[in-house]
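Now for the letters of each chain:
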Number of protein chains: 2
Amino acid sequence: MNWTDRIRAAQARIAPHIRRTPVMTVSGFGANRPIAFKFEQMQHTGSFKPRGAFNTLLSQEVPAAGLVAASGGNHGAAVAYAAARLGHPARIYVPEMAGPAKIGLIERLGADLQVVPGAYANAFEAARAYEAETGAMQIHAYDAEATVAGQGTLFAEWEEQGLEADTLLVAVGGGGLIGGALGWLAGRRRVVAVEPETSCALHAALTGGMPVDVEVSGVAANALGARRIGEICIGLAQAQGTESVLVPDAAITEAQTALWREMRQLVEPAGATALAALMSGAYVPGPDERVAVLICGGNIAPDPLRG
Amino acid sequence: MNWTDRIRAAQARIAPHIRRTPVMTVSGFGANRPIAFKFEQMQHTGSFKPRGAFNTLLSQEVPAAGLVAASGGNHGAAVAYAAARLGHPARIYVPEMAGPAKIGLIERLGADLQVVPGAYANAFEAARAYEAETGAMQIHAYDAEATVAGQGTLFAEWEEQGLEADTLLVAVGGGGLIGGALGWLAGRRRVVAVEPETSCALHAALTGGMPVDVEVSGVAANALGARRIGEICIGLAQAQGTESVLVPDAAITEAQTALWREMRQLVEPAGATALAALMSGAYVPGPDERVAVLICGGNIAPDPLRG
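Position numbers for residues start from 1 in each chain and track the written sequence from start to end. Working convention: letters from A go to chains and numbers from 1 go to ligands, in the order in which they are written. Reporting in this predicted model follows two pLDDT cut-offs: at least 70 for local features of residues, and 80 or more for side-chain atom pairs to be given and counted; totals over whole chains, interfaces and linings ignore these cut-offs and use all residues. Values reported for side chains reflect all heavy atoms of the structure, with hydrogen atoms and water molecules removed beforehand.

**As for the pairing of strand β7 (residues 167–171) of chain A**
All names here are of chain A. Applicable threshold: Partly exposed residues are those whose accessible area sits between 20% and 50% of the maximum for their type, while under 20% is buried and over 50% is exposed, using a 1.4 Å probe and protein chains only. Working definition: helices are DSSP H or I runs of at least four residues, strands are E runs of at least two. Numbering for both runs from the N terminus. For two strands to count as paired, DSSP must find a minimum of two bridges between them.
Burial within β7 is extensive, with 5 of its 5 residues counted as buried. On β7, burial covers both faces: T167, L169 and A171 on one face and L168 and V170 on the other are all buried. In this sheet, strand β8 (residues 190–196) lies alongside β7 in parallel orientation, the contact comprising 5 bridges. Residue pairing in the sheet places T167 in a bridge with R190 of β8. Note: β7 against strand β10 (residues 291–295), 3 bridges, orientation parallel. Residue pairing in the sheet places L168 in a bridge with A292 of β10.

And the structure:
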């Protein structure tokens, strides 16, 4: 089965469970042309991640022990939401350092939440132990066919909504989202991969010719901070010669501020990263090139309505 | 000219200057049916107000002295924006009590901003003096034909976007927005007027049979706190037998929290007021009634990205 067919099948599978998120073409943001936006932070749980989670759960047999994930972020929230919606138990191990906003988000979704002292590695270890002990299923956050096909539905949907763009700017963490873009668009439109300078696993892999471990830090690390790019993503990116650009953290924060000031959209740093490439000049479109920017996540911390 | 023609003419006039704001149909918010939303807080300056401001400026001769307004809120921001965009000078008198978020918003729009010590009445007096002295033009915030026709374009646009609803819930302050809804829809769909218990000029007028002055306070007062309903609005509402419901401040705050939690939309209390009627049971739709909710403004204070 090719990516087009996988993504079409995923679309049919997940349609009853996900939102068709809105689009709008906007002038502003210092750009000398309109920008076609899609607001995927309005998806359930505030990011695109439920697309991949639902596609995985609906295309594989889920064991009686249910699901397990180690994540203090958007993936954990998506797994918790999809599991609750489909009636599977889910245990989510969250590192204490994820902070109260993301922990509260996952808690409200009804998962069996375990806060693990320390960092992500400790939560991951606890999740692995639980998986071995109970037979619960782990959903890979980005490097699995069902995950990538699920995220690809976003781009099929965007085209159905009348997308007019030569080029799409997409933020990259582990590569599940951009893998879906490359799988669906297959060279029909240009896809530009945007990473923070401080978390750039795809850029490192494209430069070095193969996936390598990178250090991750910076404002978007809790969403884009994958230590190594996924195999599926790098395969597609190398085959298609995907252009990769980096943006400094300050440009991400500036784009985040602009999204609030110009459009009343309050998003997390990862959600503003693709726009940052355009605003900062990290990516400069040609004179007549029509551009699209995906807003991929909105789970800002701290929660603006806390307290 | 009837309202349909006025609103069609307004639409043609303002199209180059306003955004076609997105719509999305969503299940959630404790409702037992999908809700059709329109996100008008994504309009320029964060509310629907530029529609009326542009329609006024583009259908009347603007004096060389330009515009003047007294407002620390959404109307002031819209007048400042429209004036800058069309190249007219604008002086905006803002009461000190409007607070730094709204003052900052108007300041960034490039108006000649005058912060007046005290409350709204003092700013209004200063604006009147400036108008008398210079011949500058005041744009009425809600009770003028061009303003109401401009706001009516929102509902024409919503229908063009495929609105599927028997009933629209709309928040009411001075009545410009709902006047536009009643003018455009003219009984073709039910319009429910939603006001805070603490600022209910339309409800008081419908109950008493004529506009009366009301006390205004509460969480949404800086956007919905008109002391007296507009004549255009009450005329249309009485003629059409518009249903009016009231919501307590606590229900508004709850709807505001739900919009962030379920959809990552951070809006001001006025922007959540229509949804509050549905969530609180102040308005209970019939078994098969399809409902739509307008999110009309997003200028929350304090600014979530301040500092």
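**Some thoughts on unusual backbone geometry**
Residues and elements named next belong to chain A. Residue P302 is reached from A301 by a cis peptide bond, and omega for that bond is 0°. Within the secondary structure layout, P302 lies in the segment after β10. In the Ramachandran plot, R264 falls in the positive-phi region, its phi being about 55° despite a non-glycine side chain. Residue R264 is classed as buried on the basis of its relative accessible area of 5%.

**Let's talk about the pattern of salt bridges**
Residues and elements named next belong to chain A. To be explicit about the condition: Here, a salt bridge means any Lys or Arg side-chain nitrogen found within 4 Å of an Asp or Glu carboxyl oxygen.
Taken as a whole and judged by the stated rule, the model has 26 salt bridges over all chains. In this structure, the salt-bridge partner of R6 is E145, at a minimum N-O distance of 3.0 Å. Of this pair, R6 sits in helix α1 (residues 3–14) while E145 sits in helix α6 (residues 145–160), and the two are 139 residues apart along the sequence. Its relative accessible area of 44% is what places E145 among the partly exposed residues. A salt bridge links E40 to R51; the nearest nitrogen and oxygen atoms lie 2.7 Å apart. You can see E40 sitting in the loop between β2 (35–39) and α2 (49–59) and its partner R51 sitting in helix α2, a full 11 residues away along the chain. The class for E40 is buried, based on a relative accessible area of 0%. Judged by its relative accessible area of 0%, R51 falls in the buried class. Taken together, the shared-partner salt bridges connect K38, E40, R51 and E157 into one network.

**A look at the packing of helix α1 (residues 3–14) of chain B against helix α6 (residues 145–160) of chain B**
All names here are of chain B. To be explicit about the condition: Between the N-to-C directions of two axes lies an angle of 0 to 180 degrees, each axis being a line fitted to C-alpha atoms and, for a helix, fitted only over the stretch in contact. To sort the angles, those under 35 degrees are grouped as roughly parallel, those over 145 as roughly antiparallel, those from 65 to 115 as roughly perpendicular, and the leftovers as oblique. Pairs of residues are marked as contacts when any of their non-hydrogen atoms sit within 4.5 Å. Only Asp, Glu, Lys and Arg are considered charged in this grouping, and only Ala, Val, Leu, Ile, Met, Phe, Trp, Tyr, Cys and Pro are considered nonpolar; every other residue, Gly among them, is considered polar.
The interhelical angle for the contact between α1 and α6, taken along N-to-C directions, is 80°, at an axis separation of 8 Å. In terms of axis orientation, α1 runs roughly perpendicular to α6. Touching W3, R6, I7, A10, Q11 and I14 of α1 are E145, V148, A149, G150, G152, T153, A156, E157 and E160, all from α6. When grouped by side-chain class, the residues that make up the contact of α1 with α6 number 7 nonpolar, 4 polar and 4 charged.

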